[in-house]
Every structure is written in C-alpha cells, then in structure tokens.
2 protein chains.
Amino acid sequence: MANDTPINITPIGLIHCQLQTAGDTPKNFTESEQTGTLEVFPEYQEAMAGLKVGQTLVALFWLHEARRDLLKVYPRGDKSRGLQGIFSTRSPMRPNPIAISELKVLGIEGNMIEVFGVDVFDGTPLLDIKKKI
Amino acid sequence: MANDTPINITPIGLIHCQLQTAGDTPKNFTESEQTGTLEVFPEYQEAMAGLKVGQTLVALFWLHEARRDLLKVYPRGDKSRGLQGIFSTRSPMRPNPIAISELKVLGIEGNMIEVFGVDVFDGTPLLDIKKKI
C-alpha cells in the first residue's frame, strides 16, 4: 500500500458507562475505579469465545471527539510542564486517537462484558479486544 | 456518530527492519530480539519532541496483510488447543488488525527512531506512538 493510503476501520462495539463527557474521565485506566459495560455488536459476538471473568483484557477505543490536528500539548493541561510532543504522552489528542485501556472482566452475558477500570466516556466506539500479554 | 460509521485513519509512519514477511515475525514483542527503525513521516516529526533514548514506547501498527474476516482461530496455528475467539488472543487476524508493540528506544535521529523488540515486518504502517504507562 502507498504510505498515505487511508485505512478504514469499523467499530466492533461501544462502551456504556456513567461517565458522560471527556472531562469526566479518569486520566487513564490505572487511575480509574469506574465500571462499565462493553457492548460487542452481535456480528462479532463469536469472537468473544474464551473470554473469562477475572481476566484483564486490553481494549482499543476510538476517541471520536478528540482533536487530531495537534502535535504538541501541555500534558494533563499543566502549563508548568511545558509543551510536549504528543508521541511522548498519553494525550487523547493525536493524529489517530486510538486509546489503550486495560480492563478487568467482572461479568459476561451474551454480547455484553462488564468491566472495571473504565477511562473513556459513554458511547465511545470500541475497535478491538485482545488478551493481555 | 452512528455505530457503524467507518473511521478513517492515516499512517503516521512505517517500520524498516530485516523481517520480510509475516512468517518471519516473532509471535510478539516479548519474544523478539529484533531491531528496526521507525520512520515518522516529516509532517508528524514535531510530535516526537520529548522521546528519549532508553525509554520504552508503545507503538500501534496496522497489520495491512492480516485477514479481517475471521472470528475464531487456532492460537499460534496449534490445532491441539482448539479454536478460540480472536478477542481472547493476540492473533494478527481480527476485524481491525491493530497491533500493540512495546519497543525500547535505541537511538533517535531526525524523524527516525531505532528500536528493539520488533514483531512486525518491514513496511508495516505505523499508526501511533505513546508513552508506556
């Protein structure tokens, strides 16, 4: 493929949780005590086989409201730390705003996965679920 | 956004390394002793500010040759383990084949980052670089 060929990705689900806006979210999963529910769209439910309560999974989310045009940010909005290149941060603002969360599985029912450690807000599209290494 | 709205992502770079095909690659970064070079496209170079030699970064890659139509696989091709849902594996085959690698920075020069721990093959598109938590 050419270097600059756009790539199409399609959400495989979304999250339901009490966090309503980007401002409500913990800075990352290690600082979260929030629970929520991953809804896997029915056409992908078969790919959930083998997921187990108690395991930690890796979820990739698409931060659909994040700015994609910034290359430097003040980490956590703290201007005392100076501008940093976004590739040396975990800022949600980045050219491809894909977030990585490590979530503990509290329950599984059909296509719904109850999880702990949520750091994205309600309705955020889910792109992938992986085993944690 | 509607649940099924396709999302456009654009590579921010690519990897150069000696691994030439998917068959050559280590199963994941924890099993790799391969080095390679991340080329960040010049329009994103400013976002590299603050990256440091010796740190471990998180790289997201687009596995452009991976099949996207499978929901179950034999992990590592081992049929004795039975078919597993791809969300409980690290298989490259998944609806959105985005790989997570943790890479140690060996050197930085301009828009090039020499790294250790490579588990993707030469030319694989790079989607993002993050600080490791």
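What you see is a predicted model; the values in this text were computed from it and never measured. (Residues numbered from 1 in each chain as written. Chains lettered and ligands numbered in written order. Predicted model: local features only at pLDDT ≥ 70, side-chain atom pairs only at ≥ 80, totals over all residues.)

## Topic: the overall build of chain A
Move 1: Of regular secondary structure, chain A possesses zero helices and nine strands.
Move 2: Written out in order from the N terminus, the α and β elements of chain A read β-β-β-β-β-β-β-β-β.
Move 3: Taking 2.2 N^0.38 as the reference for a compact globule, 133 residues should give roughly 14 Å; the C-alpha atoms of chain A span a radius of gyration of 16 Å, in line with that estimate.
Move 4: With respect to the principal axes defined by its C-alpha atoms, chain A has extents near 45 × 40 × 30 Å.
Move 5: In chain A, which comprises 133 residues, the share counted as buried stands at 40%.
Move 6: Here the analysis covers contacts within chain A between residues at least 6 apart in sequence; of these, 71% occur between residues at least 24 apart. (Helix = DSSP H or I, 4+ residues; strand = E, 2+ residues; numbered from the N terminus. Rg over C-alpha atoms; globule rule 2.2 N^0.38 Å. Buried ≥ 20, exposed ≤ 12 C-beta atoms within 10 Å, placed from the backbone. Contact = placed C-beta atoms within 7 Å.)

## Observations concerning the sheet that holds strand β8 (residues 112-116) of chain A
Move 1: Read around the closed barrel, six strands run β2-β3-β8-β7-β4-β9 (chain A), paired in antiparallel fashion. Each strand of the sheet is rotated relative to its neighbour by a mean of 45°, with strand direction disregarded. (Pairing = 2+ DSSP bridges. Axes fitted to C-alpha atoms, helices over the stretch in contact; angles between N-to-C directions.)

## So, the relation of the copies chain B and chain A
Move 1: Laying chain B over chain A is done by rotating through 180° and shifting 0.0 Å along the axis; what remains is an RMSD of 0.0 Å. On this basis, the relationship between the two copies can be described by a two-fold rotation axis. Measuring from the rotation axis to each C-alpha of chain B, the shortest distance belongs to N8(B), at 2.5 Å.
Move 2: Here 100% of the interface residues in chain B have copies in chain A that are interface residues too; the copies meet face to matching face. (Least-squares fit on C-alpha atoms with pLDDT ≥ 70 in both.)

## Observations concerning the interface of chain B and chain A
Move 1: Chain B puts 45 residues into the contact, and the matching count from chain A is 45 residues.
Move 2: Counting only elements with at least two residues in the side of chain B that touches chain A, the list comes to β1 (7-9), β4 (56-62), β6 (84-85), β7 (98-109) and β9 (125-131) of chain B.
Move 3: Looking at the side of chain B that touches chain A element by element, the count peaks at five residues for β9(B).

## Let's talk about the sheet that holds β7(B)
Residues and elements named next belong to chain B.
Move 1: Here we have six strands rolled up into a closed barrel, ordered β2-β3-β8-β7-β4-β9, and antiparallel in their pairing. This sheet shows a mean twist of 45° between the axes of neighbouring strands, independent of strand direction.
Move 2: Relative to β9, β4 runs antiparallel, the two being bridged by five bridges. Each residue of the ladder has a partner; that of L60, found in β9, is D128.

## Topic: unusual backbone geometry
Residue and element names in this part refer to chain A.
Move 1: Of note, R76 is a non-glycine position whose phi angle comes to about 55°, a positive value.
Move 2: Structurally, R76 can be placed in the loop between β5 (72-73) and β6 (84-85).
Move 3: Given 10 C-beta atoms within 10 Å, R76 falls into the exposed group.

## Here's the deal with the confidence of the model for chain A
Move 1: Chain-level statistics for chain A give a pLDDT mean of 94 and a share of 97% at 70 or above.
Move 2: Reported confidences for the modelled complex are a pTM of 0.95 and an ipTM of 0.95. (pLDDT = per-residue confidence, 0-100.)

## Observations regarding the environment of L51(A)
Move 1: Tracing the backbone through its elements, the reader meets L51(A) in the loop between β3 (35-40) and β4 (56-62).
Move 2: Overall, L51(A) belongs to the partly exposed group, with 19 C-beta atoms counted inside 10 Å.
Move 3: Separated by 62 residues in the primary sequence, L51(A) and I113(A) have C-alpha atoms spaced 9.2 Å apart.
Move 4: Once you skip the residues sitting within four places of it in the chain, L51(A) turns out to touch L57(A), V105(A), I108(A), I113(A), G85(B), F87(B) and S88(B).

## Description of the environment of T89(B)
Move 1: As for its placement among the helices and strands, T89(B) is situated in the loop between β6 and β7.
Move 2: The exposure class assigned to T89(B) is buried, which follows from the 20 C-beta atoms found within 10 Å.
Move 3: Contact partners of T89(B), with chain neighbours within four places excluded, come to K131(A), V73(B), P75(B) and Q84(B).

## Comments concerning the environment of G85(B)
Move 1: Along the chain, G85(B) falls in strand β6.
Move 2: Counting along the chain gives 46 residues from G85(B) to K131(B), while the straight-line C-alpha distance between them is 29 Å.
Move 3: The contact partners of G85(B), leaving out residues within four places of it in the chain, are E46(A), A47(A), M48(A), A49(A), G50(A), L51(A), L71(B) and K72(B).

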